[in-house]
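Observations on the model geometry
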Amino acid sequence: MFEQCLYFNTTSLARQLEREWTSAFKPFGLTPSQAFMLRVVLDKAPLLQSELALEMNISRPTATRGLDGLERLGFIKRASSAKDGREQEIHPTHSATKIKVDLNAASAAVTKRMKKLLGSNEFESVVTQMRTITSVLK
């Protein structure tokens, strides 16, 4: 019935992938969205919330909610910004820095499993096509 429906098929895939990454990030007490957000902060800090939202292709209010959760968990801290007085810089805490390698490894393990199931070329092709579609729809 929905074989040609982009919405149905992408949301179905998203639910399946959500389960995979939920399992991978559970040992850290993080949801997939929190874990990916923290990975950006760990890789690019210090950064402004607007920069984080742009990097993750999410709205600023969505970024705020994610950062609030990471702050409650003790993984990020906010500080005044010299770049933009209207925003705060986001910095990882020592607790976040300690889990960086393991967090990246957990995500890499899921990606490796997906590449094995789909084949590396197919995996990379699908990701490229999805990124292209996302860019076109912006």
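Thresholds, definitions, all that
- Residues numbered from 1 in each chain as written.
- Predicted model: local features only at pLDDT ≥ 70, side-chain atom pairs only at ≥ 80, totals over all residues.
- Heavy atoms only, no water.
- Buried < 20%, exposed > 50% of the residue type's maximum accessible area, 1.4 Å probe, protein only.
- Helix = DSSP H or I, 4+ residues; strand = E, 2+ residues; numbered from the N terminus.
- Arc of directions from axis to C-beta.
- Contact = heavy atoms within 4.5 Å.
- Pairing = 2+ DSSP bridges.
- Axes fitted to C-alpha atoms, helices over the stretch in contact; angles between N-to-C directions.

All buried positions along helix H3 (residues 49–56) are accounted for by Gln-49, Leu-52 and Ala-53. One side of H3 carries all its buried residues, which in axial view fall inside an arc of 100°. Elements that come into contact with the buried residues of H3 comprise helix H2 (32–44), strand S1 (47–48), helix H4 (60–72) and strand S3 (88–92). Just beyond H3, the residue with positive phi is Asn-57, at close to 60°.

Quick look at the sheet that holds S3 now. Pairing within the open sheet is antiparallel, and its 3 strands lie in the order S1-S3-S2. Because the sheet does not close on itself, it has two edges, and the strands there are S1 and strand S2 (76–80). Pairing between S1 and S3: 2 bridges, direction antiparallel. Paired with Leu-47 across the strands is Ile-90, a residue of S3. Strands S1, S2 and S3 of the sheet are contacted by H2, whose axis makes an angle of about 95° with S3.

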